[in-house]
Amino acid sequence: MSRPKLDSTAVSEKLASVPDWEVDAGETALTRHFKFANFSEAFGFMTRAALVAEKLDHHPEWKNVYRNVEVRLTTHDAGGLTGLDFDLATAMDRIAAGTGTKR
């Protein structure tokens, strides 16, 4: 499932829908730090997000340390950001909102 790389204008427009995410300087990735109440909530978030990622066939780069989850989204085969990255970011925001994420 290949999607075209988004141009700067499209990235800026889509970023408005995921305001807690940041775009790296080269517009190649979205990043966000999630902080949960405890490890169990963080792991539960990752499990639910993994199910969505599998359905999208688009997988995050992420790291979990105790209650913190660092996420980086990019579309490697497009060489930057695509709609898939924003779809997964939106889904992750929705999942996190249901767990009482701290910012």
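Residues numbered from 1 in each chain as written. Predicted model: local features only at pLDDT ≥ 70, side-chain atom pairs only at ≥ 80, totals over all residues. Heavy atoms only, no water.

Named according to an unreviewed UniProt entry, the protein chain is Putative pterin-4-alpha-carbinolamine dehydratase originating from Hoeflea algicola. In its Sequence similarities (unreviewed entry) section, UniProt records this for the protein chain: "Belongs to the pterin-4-alpha-carbinolamine dehydratase family." Recorded in UniProt for the protein chain, the comment headed Catalytic activity (unreviewed entry) runs: "(4aS,6R)-4a-hydroxy-L-erythro-5,6,7,8-tetrahydrobiopterin = (6R)-L-erythro-6,7-dihydrobiopterin + H2O". (UniProt positions renumbered as here; feature names shortened; annotations may be inferred.)

Quick one: what's the story with the pattern of salt bridges, residue by residue and with numbers?
For the structure on display, the rule yields four salt bridges. The residue R32 makes a salt bridge to D93 at a minimum N-O spacing of 2.5 Å. Of this pair, R32 sits in strand β2 (residues 30-35) while D93 sits in helix α3 (residues 83-97), and the two are 61 residues apart along the sequence. Accessibility assignment for this pair places R32 and D93 in one class, buried. Each member of the salt-bridge network shares a partner with another, and the members are D20, R32 and D93. (Salt bridge = Lys/Arg side-chain N within 4 Å of Asp/Glu carboxyl O. Helix = DSSP H or I, 4+ residues; strand = E, 2+ residues; numbered from the N terminus. Buried < 20%, exposed > 50% of the residue type's maximum accessible area, 1.4 Å probe, protein only.)

How would you summarise helix α2 (residues 39-56) if you had to cite specific residues and measurements?
The terminal C-alpha atoms of α2 lie 25 Å apart, and with 18 residues this matches the ideal 26 Å at 1.5 Å per residue to within 8%. Taken together, the buried positions of α2 are A42, G44, F45, M46, A49 and A53. Next to the buried residues of α2 lie β2, β3 (61-65), β4 (68-73) and α3. The N-cap of α2, judged by a side-chain oxygen 3.1 Å from the amide nitrogen of S40 a few residues on, is N38. Positive phi shows up at D57, right after α2, with a value of about 55 degrees. (Expected span 1.5 Å × (residues − 1). Contact = heavy atoms within 4.5 Å. Polar contact = N/O pair within 3.5 Å; in protein donor to acceptor, adjacent residues only side chain to side chain.)

Help me get a handle on the nonpolar core, residues and values and all.
Soluble, globular proteins show a tendency: their nonpolar side chains are buried together. Residues W21, F34, F45, V69 and M92 are the most contacted members of the largest nonpolar core, which totals 23 residues. Looking at this core, the elements with two or more residues in it are α1 (8-15), β2, α2, β4 and α3. At six residues, α3 tops the list of elements feeding residues into this core. Non-local contacts of W21, meaning those with residues more than four positions away in its chain, are made with L15, L30, T31, R32, F34, V71, L73, A89, M92 and D93. (Core = buried A, V, L, I, M, F, W, Y, C linked by side-chain atoms within 4.5 Å.)

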